[in-house]
Amino acid sequence: MTLSLPAAFAQIPRYPLLYPHPSPIHPLRILSSYLNSITCDPTPKSPFISLFAKREDHSSPLACAGNKYRKLEYIVPDILAPHRQRNGTPPTLVTEGAIQSNHTVQVAAVANRLGLDAIVVLHKGTGGGLAAATDKASFLRTGNVQVVRLLGAEVRVLEAPVAGKEDEDPISGILEELHKQGKAPYWIPSGASLHPLGGLGYARGAFEIAAQEREQELKGSGRFDYIFVACGSGSTVGGLIAGFKLLDKMEEGKRTDVQPRKVIGILNSPTQPQEYHEGRALKFARRTAGLIGLDEQDISMADVRLDDRLVGTAYGVLDTQTNEAMELMARKEGVVLDPVYTAKVIRGLSHWVHHGDLVRDWSLQRKLSEDPNQLNALFIHTGGQAALCAYANTDSSPGI
């Protein structure tokens with residue numbers, strides 16, 4: 001699919017890691033019927049909420065396809081830039097994450113595609129997944145950890161920081177060590193969010209979704225009114241916000257009968273308050289906006305919609321309610337989610353439909369001319385299912 005990107009956006013270098021065709025979108029008909037039938041606040045005029053899934057877990061031929069490959073497409077040209085070499089030595093990719101990080105798998109796979117070495121730093125103290133595991137040795141060697149090792153990356157597992165030394169940065173020491181060895185380390189922050197180019201992939205993803213809307217023959221507004229996606233480090237949400245804002249600007253004057261698409265980020269960690277995550281998402285959205293031809297001030301805090309009601313007890317912990325969301329999706333649609341991100345998104349989306357939040361939100365913002373019989377909500381499946389086996393020994397093991 002050829003996307004009509006504005007010149008400022010189209011000229012940004014991108015290295016293809018995804019399939020040449022878009023990741024598929026398909027309807028979730030059974031889940032839609034079920035959730036609409038059990039809504040707590042039905043009214044005779046309530047529109048039917050039709051749910052769809054965009055399968056970013058089917059987006060790339062590389063290992064454990066997921067949302068990071070879309071981000072990394074715009075980072076690879078910078079990795080391969082001549083100045084990144086050191087005396088003819090190509091870069092060594094260095095990244096970090098929690099023990100069951102999906103991001104680290106995808107960086108390791110990209111390193112193989114580029115013929116580069118990769119060092120993956122896994123933190124025992126990030127999140128609560130390891131602490132909640134009844135078999136910690138298994139959690140440390142299976143799932144994404146196993147895949148990273150299979151890909152040949154050098155894995156360094158760091159202990160949780162000692163009390164009083166939480167602010168010490170172990171990564172700087174690793175990078176310095178590599179420099180002393182004559183290597184050229186290329187640092188990719190966790191989730192690629194803090195990388196200056198980290199939001200571009202999902203700004204482009206917004207254009208891809210808009211192009212796919214025409215193929216879905218959607219009722220109601222003819223577009224996806226709401227896009228639900230996990231919000232962890234924040235640049236997937238930020239990129240989507242920037243991309244859809246650019247689309248809105250390009251469509252000004254063409255369609256006055258519909259609301260702008262709304263991105264709803266479902267937070268998956270209670271470590272920081274919602275306001276902290278909103279500030280990060282706004283920063284990433286504005287930074288991306290400035291790269292793709294928008295003014296940073298075109299995006300405001302009103303564009304950032306995050307929900308922290310379903311974060312659970314800790315990042316990476318599969319609680320009973322999140323496991324129930326995994327089972328709901330598997331048994332209604334035959335779709336497998338991951339225990340950290342996408343299961344919480346489906347839990348959040350189910351809550352928005354079941355409790356009437358989505359209809360109420362739409363009703364507050366709709367234009368007087370709007371009276372659709374259907375609202376369309378898109379769930380972005382960001383992958384991560386490889387972590388499932390590591391969660392077999394937790395108190396809320398999937399499938400129990």
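Quick summary incoming for the structure in this document. (Residues numbered from 1 in each chain as written. Predicted model: local features only at pLDDT ≥ 70, side-chain atom pairs only at ≥ 80, totals over all residues. Heavy atoms only, no water.)

**Some remarks on the sheet that holds strand E4 (residues 117–123)**
The test is simple: Here a strand pair is declared whenever DSSP counts at least two bridges between the two strands. Put simply, DSSP H or I for four residues or longer makes a helix, DSSP E for two residues or longer makes a strand, and each gets a number counted from the N terminus. To get an axis, fit a line to the C-alpha atoms, keeping to the stretch in contact for a helix; angles then go from 0 to 180 degrees between the N-to-C directions.
With respect to topology, four strands assemble into an open sheet ordered E5-E4-E3-E6, the strand pairing being parallel. If you trace the sheet from one side to the other, it starts and ends with strand E5 (154–158) and strand E6 (184–188), each paired once. Across the sheet, the axes of successive neighbouring strands diverge by a mean angle of 25°, strand direction being ignored. As judged from the seven bridges shared by strand E3 (residues 91–98) and E4, these two strands associate in the parallel manner. Pairing of Thr95 across the sheet is with Val120, part of E4.

**A few points about the sheet that holds strand E7 (residues 226–231)**
Strand pairing within a sheet occurs via backbone hydrogen bonds; the two strands may be parallel or antiparallel. Reading across from one edge, E1-E2-E10-E7-E8-E9 is the order of the six strands in this open sheet, with mixed pairing throughout. A single partner strand is all that each edge strand has here, and the edge strands are strand E1 (25–27) and strand E9 (305–307). The sheet shows a mean angle of 30° between the axes of neighbouring strands, taken without regard to direction. Note: E1 against strand E2 (residues 48–55), three bridges, orientation antiparallel. Bridge pairing links His26 to Ala53 in E2.

**Side note on the pairing of strand E10 (residues 374–381)**
Spelled out, the test is: Each residue is assigned to one of three classes by its accessible area relative to the maximum for its type, calculated with a 1.4 Å probe on protein chains only: buried under 20%, partly exposed between the two thresholds, exposed over 50%.
Among the eight residues that make up E10, eight are buried, leaving the element largely enclosed by the rest of the structure. Every second residue of E10 is oriented toward a common face, with Gln374, Asn376, Leu378 and Ile380 on one face and Leu375, Ala377, Phe379 and His381 on the other, all of them buried. Bridge count for E2 against E10 is eight bridges, and the pairing is parallel. Across the sheet, residue Arg55 finds its bridge partner in E10, namely His381. Note that E7 and E10 share three bridges and pair parallel. For Ile227, the partnering residue across the bridge sits in E10 and is Leu378.

**Regarding empty space enclosed by the protein**
Worth spelling out the cut-off: Only protein atoms enter the 1 Å grid used here. Points where a 1.4 Å probe fits but cannot escape make up a cavity, open sets with protein on both sides within 12 Å along at least five of seven lines make up a pocket, and a residue lines them when an atom lies within 4 Å of a point. Grid points are joined across faces, edges and corners, and a volume is the space filled by probe spheres set on the points. Residues were grouped as follows: Ala, Val, Leu, Ile, Met, Phe, Trp, Tyr, Cys and Pro as nonpolar; Asp, Glu, Lys and Arg as charged; and all remaining residues, including Gly, as polar. The split into domains, and so the bounds of each, comes from an automatic or database assignment of domains.
Within the structure shown, the criterion is met by one cavity of 30 Å³ or more. In this structure, the largest cavity encloses a volume near 120 Å³. Lining the largest cavity are 21 residues, with Ala98, Ile99, Gln100, Tyr315 and Tyr391 sitting closest to its centre. For the lining of the largest cavity, a count of residues per class yields nine nonpolar, ten polar and two charged. Composition of the lining of the largest cavity by domain shows at least three residues from each of domain 1 (7–65 + 196–390) and domain 2 (67–188).

**With respect to the packing of aromatic side chains**
Spelled out, the test is: Two rings from Phe, Tyr or Trp (for Trp, the six-membered ring) form a pair when their centres sit within 6.5 Å of each other. Planes less than 30 degrees apart are called stacked, planes more than 60 degrees apart edge-to-face, and all others tilted. By definition here, charges over rings are those cases where NZ of Lys or CZ of Arg is within 6 Å of the ring centre and within 35 degrees of the ring normal.
One pass over the full model with this rule turns up six aromatic pairs. Ring centres 6.3 Å apart and planes at 35° place the aromatic pair Phe9 and Tyr74 in the tilted group. Of this pair, Phe9 sits in helix H1 (residues 7–10) while Tyr74 sits in helix H3 (residues 67–79), placing them 65 residues apart in sequence. Take Phe9 and Tyr74: they sit in the same class, and that class is buried. Judged by centre distance (5.3 Å) and plane angle (70°), the ring pair of Phe52 and Phe224 falls under edge-to-face. Of this pair, Phe52 sits in strand E2 while Phe224 sits in the loop between helix H9 (200–216) and E7; the two residues are 172 residues apart in sequence, bridging distant segments of the chain. Residue Phe52 shares its accessibility class with Phe224, and that shared class is buried. In textbook terms, an aromatic cluster arises when at least three aromatic residues are bridged by ring pairs, as seen for Phe9, Tyr74 and Phe207. One Lys or Arg, Arg70, reaches over the ring of Tyr202 and ends 5.5 Å from the middle of that ring. Looking at Lys332, its charged tip hangs above the ring of Tyr34, at a distance of 4.3 Å from the centre.

**A few points about the side chain of Glu213**
To keep things clear, this is the line we draw: Contacts are assigned to residue pairs that have any heavy atoms within 4.5 Å of one another.
For Glu213, the position within the fold is in helix H9. Its relative accessible area of 4% is what places Glu213 among the buried residues. Residues contacting Glu213, with those up to four places away along its chain left out, are Leu218, Gly222, Arg223, Phe224 and Arg261.

**What about the nonpolar core?**
Where we set the bar: Among the buried residues, those of types Ala, Val, Leu, Ile, Met, Phe, Trp, Tyr and Cys that are joined through side-chain atoms within 4.5 Å form a nonpolar core.
Counting 70 residues, the largest nonpolar core has Leu51, Ile79, Leu93 and Phe228 as its most contacted members. In terms of residue count, the dominant contributor to this core is helix H4 (residues 102–114) (seven residues). Counting only domains with at least three residues in this core, you end up with domain 1 (7–65 + 196–390) and domain 2 (67–188). Setting aside residues up to four positions removed in sequence, Phe228 forms contacts with Ile264, Ile266, Val345, Leu349, Trp352, Leu358, Ala377, Leu378, Phe379 and Ile380.

**A closer look at the layout of surface pockets**
If you roll a probe as big as a water molecule over the atoms, it shows you where there is empty space left. Approximately 1500 Å³ is the volume attributed to the largest pocket. In terms of lining residues, the largest pocket is bounded by 48 residues, among which Glu96, Ala98, His123, Thr126 and Ser190 are the most central. Listed by contribution, the elements that provide at least two residues to the lining of the largest pocket are H3, E3, H4, helix H8 (170–180), E7, helix H10 (235–250) and helix H11 (274–292). Both domains that furnish three or more residues to the lining of the largest pocket are identified here as domain 1 (7–65 + 196–390) and domain 2 (67–188). Counting only elements with at least two residues in the lining of the second largest pocket, the list comes to H9 and H10.

**Examining the environment of Pro61**
Inspection of the secondary structure assignment puts Pro61 in the loop between E2 and H3. Discounting chain neighbours no more than four positions away, the residues touching Pro61 are Leu17, Leu18, Tyr19 and Arg113.

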